[in-house]
Structure formats: structure tokens, C-alpha cells
There are 2 protein chains.
Amino acid sequence: MTSWLDLDATDPFGLQTLPYGVFSTADRPTPRIGVRIGGFVLDAAAAAEQAGMESGETWACSSLNRFLGRGPQAWAAAREWLTMVLSGDAYRDAVEPHLHPLDAVTMHLPFEVADYVDFYAAEHHAANVGQIFRPDSPDLPAAWKHLPIAYHGRAGTVVASGTDVVRPSGQHRAAGSSLPSFGPSARLDIEAEVGFVVGGATDLGMPVPLSEAGDHLFGVVLLNDWSARDIQAWEYVPLGPFLGKSFATSISAWVTPLAALTEARVDLPGQEPEPLPYLSGPAARGIDLHLQVTVNGTVVARPEFRHVYWSPEQMLAHLTVNGASLRNGDLFASGTVSGAEAHTRGSLLELTWNGRDRLELDDGTARGFLEDGDVVTMTAWAPGPGGSRVGVSEVTGRIVPARQPASGGGYGER
Amino acid sequence: MTSWLDLDATDPFGLQTLPYGVFSTADRPTPRIGVRIGGFVLDAAAAAEQAGMESGETWACSSLNRFLGRGPQAWAAAREWLTMVLSGDAYRDAVEPHLHPLDAVTMHLPFEVADYVDFYAAEHHAANVGQIFRPDSPDLPAAWKHLPIAYHGRAGTVVASGTDVVRPSGQHRAAGSSLPSFGPSARLDIEAEVGFVVGGATDLGMPVPLSEAGDHLFGVVLLNDWSARDIQAWEYVPLGPFLGKSFATSISAWVTPLAALTEARVDLPGQEPEPLPYLSGPAARGIDLHLQVTVNGTVVARPEFRHVYWSPEQMLAHLTVNGASLRNGDLFASGTVSGAEAHTRGSLLELTWNGRDRLELDDGTARGFLEDGDVVTMTAWAPGPGGSRVGVSEVTGRIVPARQPASGGGYGER
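Here is a short report on the structure shown in this document.

1. Section: the overall build of chain A
Thinking step 1. Looking only at helices and strands, one finds 9 helices and 26 strands in chain A.
Thinking step 2. The C-alpha radius of gyration of chain A comes to 22 Å, within 12% of the 22 Å expected for a compact globule of 414 residues.
Thinking step 3. Viewed in the frame of its principal axes, chain A has a C-alpha envelope of about 70 × 55 × 40 Å.
Thinking step 4. Per-residue burial over chain A gives 63% buried out of 414 residues.
Thinking step 5. Long-range pairs, those at least 24 residues apart, make up 72% of the contacts in chain A with a sequence separation of at least 6.
Thinking step 6. Accessible surface computed for chain A: about 14,700 Å², of which carbon and sulfur atoms make up 49%.

2. Describing the sheet that holds strand E4 (residues 99–101) of chain B
Residue and element names in this part refer to chain B.
Thinking step 1. Taken in spatial order, the 5 strands line up as E4-E3-E2-E1-E5 in an open sheet, and their pairing is antiparallel. Looking at strand neighbours, the two that pair on one side only are E4 and strand E5 (105–108), the edges of this open sheet. Mean inter-strand twist for the sheet, computed between neighbouring axes without regard to direction, equals 45°.
Thinking step 2. Sheet analysis places strand E2 (residues 28–37) next to strand E3 (residues 40–43), joined by 4 bridges and oriented antiparallel. In the strand pairing of E3, Val-35 is matched with Leu-42.

3. Regarding the relation of the copies chain A and chain B
Thinking step 1. Once chain A has been moved 0.0 Å along the axis and rotated by 180°, it coincides with chain B to within an RMSD of 0.0 Å. Here the symmetry operator amounts to a two-fold rotation axis. For chain A, the minimum C-alpha distance to the rotation axis belongs to Gly-240 of chain A and amounts to 2.1 Å.
Thinking step 2. The share of interface residues of chain A whose copies in chain B are also at the interface is 100%, consistent with both copies meeting through the same surface.

4. Some words on the interface of chain A and chain B
Thinking step 1. Each side of the interface is counted separately: chain A has 69 residues, and chain B has 69 residues.
Thinking step 2. Between chain A and chain B lies a buried interface of about 6,300 Å² when both sides are counted; carbon and sulfur atoms form 62% of it.
Thinking step 3. On the chain A side of the interface with chain B, the three residues burying the most area are Arg-154, Leu-239 and Phe-242 of chain A, jointly 13% of the side's total.
Thinking step 4. Put simply, chain A and chain B have 2 salt bridges between them.
Thinking step 5. With its nearest N and O atoms 2.9 Å apart, the salt bridge here joins Asp-330 of chain A to Arg-154 of chain B.
Thinking step 6. Seen at the junction of chain A and chain B, the total is 20 residue pairs in polar contact (both at pLDDT 80 or more).
Thinking step 7. Counting residues per element, the ones that place at least two in the side of chain A that touches chain B are strand E7 (150–153), strand E10 (169–172), strand E11 (181–184), helix H7 (229–235) and helix H8 (312–320) of chain A.
Thinking step 8. Take the side of chain A that touches chain B: its biggest share by element is 4 residues, from E7 of chain A.
Thinking step 9. Among the residues forming the side of chain A that touches chain B, the class breakdown is 41 nonpolar, 17 polar and 11 charged.

5. Some points on H8 of chain A
Thinking step 1. In terms of residue burial, H8 of chain A counts as a mostly covered element, since 9 of its 9 residues are buried.
Thinking step 2. Regarding H8 of chain A, the residues found buried are Pro-312, Glu-313, Gln-314, Met-315, Leu-316, Ala-317, His-318, Leu-319 and Thr-320 of chain A.

6. Considerations on the state of the cysteines
Thinking step 1. Following the criterion strictly, the structure yields 0 disulfides over all chains and no others.
Thinking step 2. Its sulfur unpaired, Cys-61 of chain A is 19 Å from the next cysteine sulfur, which belongs to Cys-61 of chain B.
Thinking step 3. Judged by relative accessible area, Cys-61 of chain A falls into the buried class, the value being 19%.

7. Notes on the packing of aromatic side chains
Residue and element names in this part refer to chain B.
Thinking step 1. Tallying each qualifying case throughout the model produces 30 aromatic pairs over all chains.
Thinking step 2. Both rings, one in Tyr-20 and one in Phe-218, keep their centres 5.6 Å apart while their planes meet at 50°; by these two values the pair is tilted. Placement of the pair is Tyr-20 in strand E1 (residues 20–25) and Phe-218 in strand E14 (residues 217–224), with a sequence separation of 198 residues.
Thinking step 3. A cation over a ring is seen here: Arg-36 above Phe-13, with NZ or CZ 3.6 Å from the ring centre.

8. Side note on unusual backbone geometry
Generally, phi is negative for residues other than glycine and the peptide bonds are trans, each holding for most cases.
Thinking step 1. For the bond from Glu-272 of chain A to Pro-273 of chain A, the omega torsion is 5°, close enough to zero to count as cis.
Thinking step 2. Counting through the fold element by element, Pro-273 of chain A comes out in the loop between strand E18 (265–266) and strand E19 (286–287).
Thinking step 3. The phi dihedral of Asn-296 of chain B is positive, around 50°, even though this residue is not glycine.
Thinking step 4. Position of Asn-296 of chain B among the secondary structure elements: in the loop between strand E20 (290–295) and strand E21 (298–301).
Thinking step 5. For Asn-296 of chain B, a relative accessible area of 33% corresponds to the partly exposed category.

Parameters at a glance
Residues numbered from 1 in each chain as written. Chains lettered and ligands numbered in written order. Predicted model: local features only at pLDDT ≥ 70, side-chain atom pairs only at ≥ 80, totals over all residues. Heavy atoms only, no water. Helix = DSSP H or I, 4+ residues; strand = E, 2+ residues; numbered from the N terminus. Rg over C-alpha atoms; globule rule 2.2 N^0.38 Å. Buried < 20%, exposed > 50% of the residue type's maximum accessible area, 1.4 Å probe, protein only. Contact = heavy atoms within 4.5 Å. Areas by Shrake-Rupley, 256 points an atom, 1.4 Å probe, with all protein chains shown as cover. Pairing = 2+ DSSP bridges. Axes fitted to C-alpha atoms, helices over the stretch in contact; angles between N-to-C directions. Least-squares fit on C-alpha atoms with pLDDT ≥ 70 in both. Buried area = accessible area lost by both parts, 1.4 Å probe. Salt bridge = Lys/Arg side-chain N within 4 Å of Asp/Glu carboxyl O. Polar contact = N/O pair within 3.5 Å; in protein donor to acceptor, adjacent residues only side chain to side chain. Nonpolar A, V, L, I, M, F, W, Y, C, P; charged D, E, K, R; others polar. Disulfide = S-S within 2.5 Å. Phe/Tyr/Trp six-rings, centres within 6.5 Å; stacked < 30°, edge-to-face > 60°. Lys NZ or Arg CZ within 6 Å of the ring centre and 35° of its normal.

Read these as geometric descriptors, not functional statements.
Spelled out as C-alpha cells, the structure:
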């Protein structure tokens, strides 16, 4: 199937992809839902109205949340309609006026994040972090192969790709010191993750079985779980990461539908021991997403999502098995995607082994952790139908210096 | 000052209190903002309109979030106006028609919870839990006296007082077993906490200094952080509690303004070592709130909030010091309020020392942890002006049995 748009067959944002986002334009600053096609953004609600699509009103919003609430049949119908109007010449006159060049739009956070959960689902990442942070304990926590370990993050500080990230300040404790000091993080890191956008709210007390988990998975984003390792290391016992993570989490401005990743589903790396029944079944499959992480343009890692131990459907079944309800706009992420090989590790913590082995960048500088001004960009693609590639839209962010405290604000060293 | 309502001078919900909630009535099921006075609920927006209050439109909502966004001056002005119209006879005719008897209204969640953070701020609770869960480690984590430890909870499962709580199922591991099993929690517990309702959204990257933290504290609720100890114990290393807590968190239907607790501010128990400068200052004060916890009507604990080590202002300053932004409707809680004496412990885990010392109830039964059908109710009061008591509205909830999995749902034992 080809589009009446002049798209290259190798374009990762052709008809096989069709991600959703929220955009605005200079002449109409109201944020609204758009669909990316090639180098353009289709104003979805405007096109739906002019082309006579029923129920296009769920696109007449400044976030995807309402559309997320409509569930998998509506998502499939919308995708079918978009494919039809972008391929059939009959719709061209109605639709084409609602295309905006990508470089003429401003992108916004695509949905209001309800709850944000971060998993820890890549075995090599968990083992690497265990070796670095807890050298006297087993690499993996006792429960790790029995359940996908996770924690809640701060939904209110999830930001869209392109948002600057202010270097956080906080407490950290120098090696060999018994007392903490206060100041900007000196170990600011990235975590390359895949995020899953949830729709189809559920009632409190009603678990979602694994076999139905896919009905609540609308799409994927790339997610950079910025991490201040020095703040995290000092604060995280026994309740987990808090300020070391909560200052910012960046996601792609475009949400790629799971429906675009059908050809990319693959077997998991293998689960031994076999998980408990609520985590077992044919829905437990991986995704063949190829990630790339650059720092100031230098590729520093190529994580492979197929290396992740737990599937997104298992994560969702686990997160609701206690009866926790889902809301439209819930977001959960995989945790850092790291494989066995060094170049597939998704954090500087692992790539530099906690700063010991500095990474050389193409500009001749080297990094243990991030410096002010550094720009981190993650991209990904997956195999699509007929040899095509499905692009997963980038997430990028630049580190800006820590804020100086207002005079009298009471910060500073003890 | 007295009200034209026929209130007893000892009524804990007199003019000194004036908590806010969201209610509906049989003849008008739209949830709307109410103010509790004695045994009545004042329809705030309706009264404001009839009595000619300016900016009463922030009350014409089904949640407090918009009002929370207006900040401390507007909160003070609203409280002043309410006091005026409920005490001055001149307003009686305009206001009285908008009073509804408490027993004729249905209460709802008073605000949409943005992010929910749970602290761990009572020293005796942290030490007790440390002894029970980590007998081979020091009672308190290394950072405990340097910063108020906290984690993010699930905002979407915060429910209003009166909501039934379904016993959660999940993985737990029996003592002496190496493998987990799946089933309903056998160690379902309570945590008696005080929650703080945040208003005055801030920008990302801008910490709130301790001296300004009070400007973002609108009010308090009682909070029951229901906890499945068996699920929690198996899952929480290294990222903290997740499914052991996320199935439900109950809060009072009424939010008591901090402005009603002015007389109740007291010195903290004492902080040694002195906290870092961003956590030090005259705003670091406690609150003299007297809690009571009943199980099926038997008083099982009388926790004292003045025993809590960290102040709510310190908690808020800490949670934003990394630049994390606040949203209107953020909620943070103190963690379990437990003091040195056994009867001041706010969880069954501590009261029964992990089930060892069963609690006798007045009906002749005994409890290690909660049984199906148990009703847990927490109430509190604080000293008010002129010897009055400020009532903090109850939080109550009943345990209902675990849901049977749908056939074919894939639950059950391995």
C-alpha cells in the first residue's frame, strides 16, 4: 500500500507507522492531536471532520487521554481510517489541507501522564547495577526471576522530548565519608528505556489477566529516565529511588501504536524458572526494537529491546494483579535496556562502569557522566511489514546547569 | 466567635475547623465542593453565589484542585469569608438554604490526586520495621537522620474514606521456602498516617525553599496506607514497595486546612545531627495531632503526630530540592505515625510484632493481621483556639474478600 504523499519506500514514518502526538502551530497555538506521516503532521480532528469520519471527536482534544479511553477496537478503526485516507486518492482533497510540515509545528507532551511505573526488566541491567551498587550481594535480587520488579515514579515530571533538563541538586555522600554534603549531582546519567502507554481504564480490585493485557497497550515511546546516581545511591535504602529520578523523565513526542509493531513481536530470551501462572501464556512475547543512544552526536550504545527478560504484557498483568486499577494515560517503562555485550548497555553507569572507563566522544572529549550542555538523543526502529522499518520517534534532551539558589533560600553546604 | 448554627462549644467541627470536601445529594448528584460545619455541609459555590462572594467560581467544581491552585492568600480569604457568613446573622438568610445534613450527602474523593508521595518520617516506625524486616542491619538506614526518606505511591488508587478495600492477591514467599506462591495476602495491615494536600503549582527545575514550603500546604487528611506485608516483603528489594501498597490508599473525605492547625504547631522531637541548611530553619515545626485507630470499634492504637521526626515543611522542601515540580492536588503522607510506647504504634506489624503478639478486640476475637469484614477507622483531633478541639475527619474502610479469578484467567498456584 502506498500513500498519495510522495514518501520514500524506506521512510520509517510511512503508512506502516502512523504515530500519534500533540502539536500546535504558530497560527493556531491550541495544542491538538496529530498523526505523523513522512515529514508531515496530519491535524487528525480537522481531517476527520472534513473527511466525514465518525467519532473523530475523541481527537478534538489537547491530549490523547480521551482517545486512549476508547480501547483497542476504536484504536484499530482509527488506524484503518487513517490508512485509508492517506492512501486512497479519493480522500486527498479533504485531507491534504490538514497536513503541516514537521518543522513548522511545536510538539507537546502527547498525553497527561496518570501514574508512571518504571520496571527493572532487563536482566543484564539489573545484574550490572547489582554488581556496582551492591557488590557484597548476589547480582540479582531473590525475587527478580519470579516477578518483574518495579516502582512508581513521578508522573508530574514526565516531559516531552526536547525539554531541557536542569541538573538536579541534592544530598550525596562522598566515598569514605560518613556525612552527606549538598550540591549539584556529579553523576548525572541516562537510562535508555521503552515506555508503554496505557488505555482502557479498569475498575479498582479487578486484575487484568495476561491474556487481556494487550488490550490495554496502546503504544510505545522512547523514554530517558534521567538518573542522578550520587543522589540515588545515598537515598534509596529501603524505599527505592526518589529524588535521584524524580527531577525529569523524557519521552518521545510521538506515540507509536503497538499495532505498528505486529511484525516485530519475537520470543522472549527465555524464562527459567517458569513464571507463576498469572505471568505465563502465549501473550508473553518480546519486541524487536533496535535502540540507539547518542551523546552530542556520538553513538554510545545500541541497546536491543529483545534482550529484555519480561514482556510488556507480563509487566501490565503484574502491575494489576493486586487489583490496582489502570487509568487512561498510565505510563510504564521497561527499565534500562541492557544486553550482555558492552555496546548494548543503556546507561552511562554501565557503559563506563560507574565512571571508571570513560567514553570517548567524536569531538575528542570523554565522559564518565553527563556534563552541562550535553545533548542525549535516543532513537529506535523495528521491522515492519514487507521489509519496511517502523520508526519509533526520538527522545532528546539537553543538560542545563544546576540552578543557583535564591539568596537566603537556605541551600549550600553545612 | 460563635455561629448562628446551634453548635455545641465542644463540637470539633465548629468555626475553628471548616474542612473542605466534595459531596453530592440525592436530588442533585453532581459532585460539588462543600464545607463541613457541625453536622452540616455547606454547598460552597451556591452559598458564595447567593451571598455575593467574589471569585466563588473556584468552588464551582467537582474537585478542590482549582481552588488548590489559587494559593495561600485566596485560601485565607475564603476561610475568612466562610467564618463571616457562618457567624454573622446578616448572612444567615443567604447561606442557610445551602446547608445539607451530613447524613443526607454522599462524599467523594475531595481532589484529583496528582502525585502521591509517602514518607517514612517517624523514627520509631522506621526502627521497628528495620528490626522486623532487616534484623541483621542497623535499625535505621544510614541516610535516615539526614533526609526524610520517601517513595512515590500509586495516585490512581487513592480512594475516599468509606470505600471498601478488596484483599489483594499476589506473590509471597513462606518462611523457609525458596520459591514464591500466589494467593490472597495473609498479612494485610494498616498504616496510620497524616497526609498533606498541596496547592500552588511550581515550575520544573525550581525548588521550594523550606521558608516557603508552608505556602504550598493547603490542608491535612488522615491516610490509611493499607499494606500487604507478605507481598511487600518479597518484592521490595531494591526498588521499594510496589504491589504491597498500590492496591488502595484511603484518605479522609474532608481536608482540614492547615490554617485550622495554627494553635497545634509544636516543636519537633529534636533533630540530631542538625539537618543540612536546606532542611533547617524556623519553619521546621511539628503538629500536635492526636490519632486514634480502631478495628471493629476497639481502639488498638493512639499514635501522636508530634512524635514524627521530620516536619511537613521539611518533607515538601526535600521533595522539591532536586527541581521536581509540584502540581495542585499533589498529596504526600508522613509514613506510619509510631512513637516509643507500644500503644502509639500505627501499624499492626508493629502492634503485634509481625503477628507474634495478637491483639485482643472487644468482641473476644484476636488479630495478628486483618480479617475479611474488618472495619478500620482512624480519627484525630488537635488543640484549637480558646481550648477548642479541631477535628480531623475520619478515614474508614472495610476489608472485603479477595476476588476469585475469572475461569481461565490464569491465576492460582504453580
